[in-house]
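Structural characterization, general
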Amino acid sequence: MTRISPSFADITTMRVGGSIARFVEPRSRVGMIEAVEDADSAHLPLCVIGGGSNLLASDTPFEGVVVRDARRNIDVLDQAAPREGNDLTVHVNATAGTNWDDFVDFCVRMGLQGVEGLSGIPGTVGASVVQNIGAYGQEVGAEVEAVEVWDRLEKKTMTLPAADMGFGYRTSALKKSMYDAPGRPAESFFPTPRFVVLSVTFALKHSAGGRVDFAQLAGALGVDVGAQMETSVIRAAVLSVRARKGMLEDPGRYDTLWMKGTKQSVEAKADAEGSGDGDASTMVSDSSVPDYDRWSCGSFFINPVLSADQAAVLPQEAPRFAIAEAQGGSSVKTSAAWLIDHAGFHKGYPRERNAQAKATLSTKHTLALTNRGAATAADVIALADEVRVGVKRAFGIELVPEPVILH
Ligand SMILES: Cc1cc2nc3c(=O)[nH]c(=O)nc-3n(C[C@H](O)[C@H](O)[C@H](O)COP(=O)(O)OP(=O)(O)OC[C@H]3O[C@@H](n4cnc5c(N)ncnc54)[C@H](O)[C@@H]3O)c2cc1C
């Protein structure tokens, strides 16, 4: 079968976006570096893509190079080393192209604690550190030891310790290298950061138990926040809560030509089903029926972080979470979903007045913008703009998109 190039619609979870002039899938570390450097030295637009789950590509053709790391290796670095004293730390390295949930699944099976709350987040290990993925009380940055990168400016590889990664709420030094200001792309290094991730080394704990740190998850498990549970139980609960909110990927995408083979546990599950062996996995639905609530980028807007003055003028009942600033002091995070809902955009919007709408809010989650099967990027952008303007008018707050938007 001839594989020429996919379109962005073929390789993103939103399933929109135009054709790609050149698509490269390197199978080695040096191949990754060469692919990036070839594009940069030819001054071609470059997009390093992982699972395409945080990317909204434009409908117009992309006249550049899209690089997808085909390496999917996980290595336990301390396997042979004796444990020192009571230190239960285990270092695990994963290549950038490794599917994120394959990595979580591996860690939980190995009895390693630290990432179980991040079960079911789509995408790759490489991109996980770009926006410092987080959910249910965990953030990936807290478990990262170091990130091996290719620096596109200095043209050399580097190992960035976690302290140099600038991790914050849905951000990192890598993400910041793409923007002049929140939501405003920089001239250089957009839509891919200055530092291309080659692999990530995690420092996890050897423990089959983890802490339930999030009220919604504790509720689903019937325990108090702070309770200790088996990591495998936490993982299963996270997957089921995410499934109810439409916050898992549509498994059908891994049956397609351009996504097949990029997520190992899909094949493992198919094999297990063939042998009658069941399993808890992210693939919790009938893949023959598209669930359009899953055709999204997940949360489309970041929860706004407000100064004390901005927070003071929010309605009394708006959610407020105090967050500590790295440079001292504190600010207040509110809920983008609450703002959107209370600005009049409810689940499924605008389906109640336009049943044919091609892009709508998810019917399960206000914060996800979804493609109902035939949307274009322009449809999704138009909906995002409508919501952004509506929230600004109602509350004076400017929502910032979470996905990388390729115009
Ligand atoms: C249903 C759904 C639920 C989601 N839930 C969550 C959630 O709970 N929490 C959360 O934080 N996110 C969530 N997301 C967002 C998304 O899964 C994460 O942002 C994820 O890390 C994106 O990974 P990716 O490989 O798909 O990145 P892509 O979309 O492929 O790329 C995103 C950005 O990362 C860059 N990038 C990709 N690979 C590399 C690399 N190797 N080196 C440097 N840059 C790279 C790209 O150039 C681009 O700028 C969700 C998305 C969906 C669709």
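Use the structure listed above.
Reference entry: report on the structure contained in this document. Fair warning: this is a prediction, and the values are worked out from it, not measured in the lab. (Residues numbered from 1 in each chain as written. Predicted model: local features only at pLDDT ≥ 70, side-chain atom pairs only at ≥ 80, totals over all residues. Heavy atoms only, no water.)

Our focus in this paragraph is the sheet that holds strand β22 (residues 368-371). To summarise the sheet geometry, strands pair through backbone hydrogen bonds and adopt either a parallel or an antiparallel arrangement. Strand order across the open sheet formed by 3 strands is β17-β22-β21, with antiparallel pairing between neighbours. Because the sheet does not close on itself, it has two edges, and the strands there are β17 (296-299) and β21 (359-361). If you compare each strand with its neighbour and ignore which way they point, the axes differ by 20° on average. Bridge analysis of β17 against β22 gives 2 bridges, and the strand direction is antiparallel. From the neighbouring strand, Ser-299 faces β22, where its bridge partner is Ala-368. Its contacts with the sheet place helix α11 (residues 377-395) against β21 and β22, and it is angled at close to 40° to β21. (Pairing = 2+ DSSP bridges. Helix = DSSP H or I, 4+ residues; strand = E, 2+ residues; numbered from the N terminus. Axes fitted to C-alpha atoms, helices over the stretch in contact; angles between N-to-C directions. Contact = heavy atoms within 4.5 Å.)

Take helix α3 (residues 100-109) next. Burial analysis of α3 places 8 of its 10 residues in the buried class, which makes it a mostly covered element. For α3, every residue scored as buried is listed here: Trp-100, Asp-101, Asp-102, Phe-103, Val-104, Asp-105, Cys-107 and Val-108. The N-cap of α3, judged by a side-chain oxygen 3.0 Å from the amide nitrogen of Asp-101 a few residues on, is Asn-99. The positive-phi residue at the C-terminal boundary of α3 is Gly-111, with phi of around 75°. (Buried < 20%, exposed > 50% of the residue type's maximum accessible area, 1.4 Å probe, protein only. Polar contact = N/O pair within 3.5 Å; in protein donor to acceptor, adjacent residues only side chain to side chain.)

Time to look at the site of the ligand. Around the ligand sit 38 residues, and of these Val-48, Gly-50, Ser-53, Thr-124 and Pro-191 come closest. Note that an oxygen atom of the ligand is positioned 2.8 Å from one of the backbone N or O atoms of Gly-51. Measuring from an oxygen atom of the ligand, one finds a side-chain N or O atom of Arg-170 at 3.4 Å. Relative to its free-state accessible area of 980 Å², the ligand is covered by the protein chains to the extent of 96%. Where the shell around the ligand is concerned, the elements lending two or more residues are β2 (46-49), α4 (125-128), β8 (134-135), β14 (195-206) and β17. Residues of the shell around the ligand, tallied by class, amount to 20 nonpolar, 15 polar and 3 charged. (Near = heavy atom within 4 Å. Areas by Shrake-Rupley, 256 points an atom, 1.4 Å probe, with all protein chains shown as cover. Nonpolar A, V, L, I, M, F, W, Y, C, P; charged D, E, K, R; others polar.)

Turning our eyes to something else, we now look at the pairing of strand β6 (residues 89-95). For β6, the tally of buried residues reaches 6 of 7 residues, placing the bulk of the element in the interior. Of the pairings in the sheet, the one linking strand β5 (residues 74-76) to β6 comprises 3 bridges and is antiparallel in character. In the sheet register, Asp-75 faces β6, and the bridge partner there is Asn-93. When β6 meets β14, the two strands line up antiparallel, connected through 7 bridges. Looking across to β14, one finds that Asn-93 is bridged to Thr-201.

Moving on to the packing of aromatic side chains. Enumeration according to the criterion identifies 11 aromatic pairs in this entry. Geometrically, the ring pair formed by Phe-23 and Trp-258 is edge-to-face, given 5.7 Å between the ring centres and 85° between the ring planes. Of this pair, Phe-23 sits in strand β1 (residues 20-24) while Trp-258 is found in the loop between α7 (231-244) and α8 (264-274), placing the two residues 235 residues apart along the sequence. Classification of Trp-258 by relative accessible area gives buried; the value is 10%. Between Trp-100 and Phe-103 the ring centres are 5.4 Å apart and the planes differ by 45°, which places this aromatic pair in the tilted class. Of this pair, Trp-100 and Phe-103 both sit in helix α3, separated by 3 residues, roughly a single helical turn. Given the relative accessible area of 0%, Trp-100 is considered buried. Overall, the relative accessible area of 0% leaves Phe-103 in the buried class. Grouped by ring-pair contacts, the aromatic residues Trp-100, Phe-103 and Phe-202 constitute a single cluster. The ring of Tyr-254 carries the charged tip of Arg-253 above its face, separated from the ring centre by 5.5 Å. Lys-333 extends its terminal NZ or CZ atom over the ring of Tyr-169, reaching a point 4.1 Å from the ring centre. (Phe/Tyr/Trp six-rings, centres within 6.5 Å; stacked < 30°, edge-to-face > 60°. Lys NZ or Arg CZ within 6 Å of the ring centre and 35° of its normal.)

Time to look at the packing of α3 against α7. Axis separation between α3 and α7 bottoms out at 9 Å; the angle between their running directions is 150°. With respect to each other, α3 and α7 are oriented roughly antiparallel. Crossing of α3 against α7: the hand is left-handed. Seen from α3, the contacting residues are Asp-101, Val-104, Asp-105 and Val-108; seen from α7, they are Thr-231, Ser-232 and Arg-235. Residues that form the contact of α3 with α7 fall into these classes: 2 nonpolar, 2 polar and 3 charged. (Parallel < 35°, antiparallel > 145°, perpendicular 65-115°, else oblique. Left-handed = near helix turned anticlockwise from the far one by under 90°.)

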